[in-house]
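What the coordinates show
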Amino acid sequence: MAPTLTSHPIALIDGNNFYVSCERVFNPRLEGRPVVVLSNNDGCAVSGSNEVKALGIPMAKPWFQMKEVARRHGIIALSSNYALYADMSTKLRTPWQRSSRNTLVLPMVLLDLLEVLDDFKELLAHYGSH
């Protein structure tokens, strides 16, 4: 029988404010500060920190419409770095990449829970006897 959403459990693993989170790994001074990552050519916000979201600023808003609000609230705007985000995504999803049944989409993973359960059973069988 082919897996279905009702018969086959899956999990969605999603990075929170992924692009901003990646930037904060390499620049910890951004932690706790309002940050947006802008799209190609700095056209609009594609990722925002929780601090930005708390200000009610929606994603996909054009940067030119946000500049005054950004100045007032000290929002830091960063140009996107897709090579960094792809590299970080690869590092985060590598443990789940063993199977073709797991679906990988930057920055998310659809995880086949039955396969993960099988992996844990194998680990327990191997290490449980030591």
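Described in the following lines is the structure provided in the data block. Every residue gets a number counted from 1 within its own chain, in the order that chain's sequence is written. Only residues with pLDDT of at least 70 get local features here, since the model is predicted, and only at 80 or more are side-chain atom pairs given and counted; chain-wide, interface and lining totals rely on the full set of residues. Side-chain descriptors were evaluated using all non-hydrogen atoms of the structure, hydrogens and water having been removed beforehand.

A look at the overall build of the chain
In this text, helices come from DSSP runs of H or I with a minimum length of four residues, and strands from runs of E with a minimum of two, each type numbered from the N-terminal end. Counting its secondary structure elements, the chain contains five helices and six strands. The linear arrangement of helices and strands in the chain, starting from the amino end, is β-α-β-β-α-α-β-α-β-β-α. Burial statistics for the chain: of 130 residues in total, 32% are counted as buried. A 1.4 Å probe and the Shrake-Rupley method give the accessible areas. Residues count as covered only by the protein chains that appear here. When the accessible surface of the chain is totalled, it reaches about 8,400 Å², and 59% of it is carbon and sulfur. Accessibility here uses a 1.4 Å probe with only protein chains present; expressed as a share of the type maximum, an area under 20% marks a residue as buried, one over 50% as exposed, and anything in between as partly exposed.

Overview of the packing of aromatic side chains
Stacked, edge-to-face and tilted labels apply to pairs of Phe, Tyr and Trp rings (six-membered ring for Trp) whose centres lie within 6.5 Å, assigned for plane angles under 30 degrees, over 60, and everything in between, in that order. Scanning the model with the defined rule gives four aromatic pairs in all. Relative to tyrosine 82, the ring of tyrosine 19 has its centre 5.8 Å away and its plane inclined at 80 degrees; by these criteria the two rings are edge-to-face. Of this pair, tyrosine 19 sits in helix 1 (residues 18–26) while tyrosine 82 sits in helix 4 (residues 82–93), placing them 63 residues apart in sequence. The class of tyrosine 19 is buried, set by a relative accessible area of 17%.

Examining unusual backbone geometry
One can expect most non-glycine residues to show negative phi and most peptide bonds to be in trans. If you check the backbone angles, asparagine 41 has positive phi at about 60 degrees while not being a glycine. Overall, asparagine 41 belongs to the exposed group, its relative accessible area being 80%.

Quick word on the environment of glycine 43
One can find glycine 43 in the loop between strand 2 (35–38) and strand 3 (45–48). For the pair formed by glycine 43 and phenylalanine 64, sequence separation is 21 residues and the distance between their alpha carbons is 7.8 Å. It only takes one pair of heavy atoms within 4.5 Å for two residues to be counted as in contact. Look past the residues within four positions of glycine 43 in its chain and what remains in contact with it is Pro62 and Trp63.

Side note on the sheet that holds strand 3
Between any two strands, pairing holds if DSSP finds at least two bridges. Overall, mixed pairing links the three strands, which are arranged 3-2-4 in an open sheet. Looking at the sheet topology across the chains shown, the edges are occupied by strand 3 and strand 4 (76–79). Neighbour-to-neighbour, the strand axes of this sheet turn through a mean angle of 30 degrees, independent of strand direction. In this sheet, strand 3 lies alongside strand 2 in antiparallel orientation, the contact comprising three bridges. Its bridge partner being in strand 3, valine 37 is matched across the sheet by serine 47. Whenever a helix is involved, its axis is fitted only over the stretch in contact; in every case the axis is a line through C-alpha atoms, and angles between N-to-C directions fall within 0 to 180 degrees.

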